[in-house]
Amino acid sequence: DLLARAGFRAIALEDLTEAWGPILQQRLTMYQAMRQEAEATGTPAGHDAFHRSYIRFVDLVCDRRIGGVRATAEKP
């Protein structure tokens, strides 16, 4: 519907939410390890509010409360 209202005709829609969950979880694990390494060396570990927001984002995607789609469309 969003594509149609913008004047496009949808050709294909692919839900990427399930594929994103594991990728985001792996990245979160990596970022958390990097934060721990930074803290261990006495350097800033990053912005805490962003880190908490990213954790929330990963949880929402893994719980399929939000997600993403790849849309292929054409403008007639």
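See above for the structure.
Here the structure is a predicted model, which is why all the values come from computation and not from measurement. (Residues numbered from 1 in each chain as written. Predicted model: local features only at pLDDT ≥ 70, side-chain atom pairs only at ≥ 80, totals over all residues. Heavy atoms only, no water.)

Bringing the pattern of salt bridges into the picture now. Following the criterion strictly, the structure yields five salt bridges and no others. When the shortest N-O distance is used, the salt bridge between aspartate 48 and arginine 35 registers 2.7 Å. Remark: arginine 35 occurs in helix α2 (residues 17-40) and aspartate 48 occurs in helix α3 (residues 48-62); sequence separation between them is 13 residues. With a relative accessible area of 42%, aspartate 48 lands in the partly exposed category. Of the residues examined, arginine 35 reaches a relative accessible area of 14% and is grouped as buried. (Salt bridge = Lys/Arg side-chain N within 4 Å of Asp/Glu carboxyl O. Helix = DSSP H or I, 4+ residues; strand = E, 2+ residues; numbered from the N terminus. Buried < 20%, exposed > 50% of the residue type's maximum accessible area, 1.4 Å probe, protein only.)

As a further point, take the nonpolar core. Counting five residues, the largest nonpolar core consists of Leu24, Leu28, Tyr54, Val58 and Val61. Sorting the residues of this core by element identifies α2 and α3 as the ones contributing at least two each. At three residues, the largest contribution of residues to this core is made by α3. Not counting residues within four places of it along the chain, the set of residues in contact with valine 61 comprises Thr17, Trp20, Gly21, Leu24 and Ile66. (Core = buried A, V, L, I, M, F, W, Y, C linked by side-chain atoms within 4.5 Å. Contact = heavy atoms within 4.5 Å.)

Okay, α2 next. The terminal C-alpha atoms of α2 lie 34 Å apart, and with 24 residues this matches the ideal 34 Å at 1.5 Å per residue to within 8%. Of the positions making up α2, those classed as buried are Thr17, Gly21, Leu24, Leu28, Arg35 and Ala38. Here the buried face of α2 lies against β1 (9-15) and α3. Glycine 42 lies just past α2 and shows a positive phi near 80°. (Expected span 1.5 Å × (residues − 1).)

This paragraph deals with the packing of aromatic side chains. Centre-to-centre distance and the angle between the planes together describe a pair of aromatic rings. If you walk through the whole model with that rule in mind, you get three aromatic pairs. Relative to tyrosine 54, the ring of tyrosine 31 has its centre 5.5 Å away and its plane inclined at 70°; by these criteria the two rings are edge-to-face. Taken together, the residues span a long stretch of sequence, with tyrosine 31 in helix α2 and tyrosine 54 in helix α3 at a distance of 23 residues. A relative accessible area of 13% means that tyrosine 54 is categorised as buried. Relative to tyrosine 54, the ring of phenylalanine 50 has its centre 6.2 Å away and its plane inclined at 25°; by these criteria the two rings are stacked. Separated by four residues within a single helix, phenylalanine 50 and tyrosine 54 lie in helix α3, roughly one turn from each other. Looking at phenylalanine 50, the relative accessible area reads 57%, which means it is exposed. One aromatic cluster is present, formed by Tyr31, Phe50, Tyr54 and Phe57 through successive ring pairs. (Phe/Tyr/Trp six-rings, centres within 6.5 Å; stacked < 30°, edge-to-face > 60°.)

Geometric descriptors of this kind do not, in isolation, establish any biological role.
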